[in-house]
Amino acid sequence: NCKKSCDNCSSNNDGCKENTVWEDKKGNKCSWYSTKKKCNTYAEKYARSNGKSAFDKCCKCKKSALKMLHNLQEEATVAVAKVEVKREEALKANVGSCSDSTSFTWNYTHGT
């Protein structure tokens, strides 16, 4: 299976097939992307002209990208829940305010 996807591959114990010949536009191989920090900082910045980056080609960065996506999804879920709570609070706080503003408008326009 690996031979079909690339010329020179190595397999990690987690089943990810590392492409050992791919290089980014600066000439860095997947082995250079040995930390999540390098992946997160440089993978997209140093993407090849065809758009392929270390997030596409390197096991370490693929895992980092998936972890970032998972974290963003969790943060979005929490943010949506907070917005819903605030919306409910705002709706409860505004109960009756329509009649107050209506009476203000009536008093202002009719001089009472």
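No experiment lies behind these values; they were computed from the predicted model shown.

**Considerations on the overall build of the chain**
Argument step 1. The number of helices and strands found in the chain is 5 helices and 2 strands.
Argument step 2. The secondary structure elements of the chain, listed N-terminal to C-terminal, are α-β-β-α-α-α-α.
Argument step 3. Expressed as a percentage of its 112 residues, the buried residues of the chain come to 19%.
Argument step 4. Considering only contacts in the chain between residues 6 or more positions apart, those separated by 24 or more positions represent 33%.

**A word on the environment of Asn 28**
Argument step 1. Within the secondary structure, Asn 28 is located in the loop between β2 (17-19) and α2 (36-42).
Argument step 2. With relative accessibility at 15%, the residue Asn 28 sits in the buried group.
Argument step 3. Separated by 26 residues in sequence, Asn 28 and Ala 54 place their C-alpha atoms 9.4 Å apart.
Argument step 4. In contact with Asn 28, not counting residues within four places along its chain, are Trp 22, Glu 23, Tyr 33 and Tyr 46.

**Let's talk about the confidence of the model for the chain**
Argument step 1. Predicted confidence across the chain gives a mean pLDDT of 75, with 69% of residues reaching 70 or more.
Argument step 2. Every residue in residues 1-9 scores below 50 in pLDDT, and together they form 9 contacts with partners more than four places removed in sequence or on other chains.
Argument step 3. Throughout residues 99-107 the model reports pLDDT below 50, and contacts reaching past four residues in sequence, or to other chains, amount to 3 contacts.

**Focus on the pattern of salt bridges**
Argument step 1. Following the criterion strictly, the structure yields 3 salt bridges and no others.
Argument step 2. In this structure, Lys 29 engages Glu 23 in a salt bridge whose closest nitrogen and oxygen atoms are separated by 3.7 Å.
Argument step 3. Since its relative accessible area comes to 33%, Lys 29 is described here as partly exposed.
Argument step 4. Salt-bridge contacts for Glu 84 lead to Arg 87; the nearest nitrogen and oxygen are separated by 3.3 Å. Here Arg 87 and Glu 84 lie together in helix α4 (residues 59-93), a separation of 3 residues that amounts to about one turn.
Argument step 5. Judged by relative accessible area, which is 41%, Arg 87 ranks as partly exposed.
Argument step 6. Beyond isolated ion pairs, a larger network of salt bridges with shared partners links Glu 84, Arg 87 and Glu 88.

Criteria and thresholds
- Residues numbered from 1 in each chain as written.
- Predicted model: local features only at pLDDT ≥ 70, side-chain atom pairs only at ≥ 80, totals over all residues.
- Heavy atoms only, no water.
- Helix = DSSP H or I, 4+ residues; strand = E, 2+ residues; numbered from the N terminus.
- Buried < 20%, exposed > 50% of the residue type's maximum accessible area, 1.4 Å probe, protein only.
- Contact = heavy atoms within 4.5 Å.
- pLDDT = per-residue confidence, 0-100.
- Salt bridge = Lys/Arg side-chain N within 4 Å of Asp/Glu carboxyl O.

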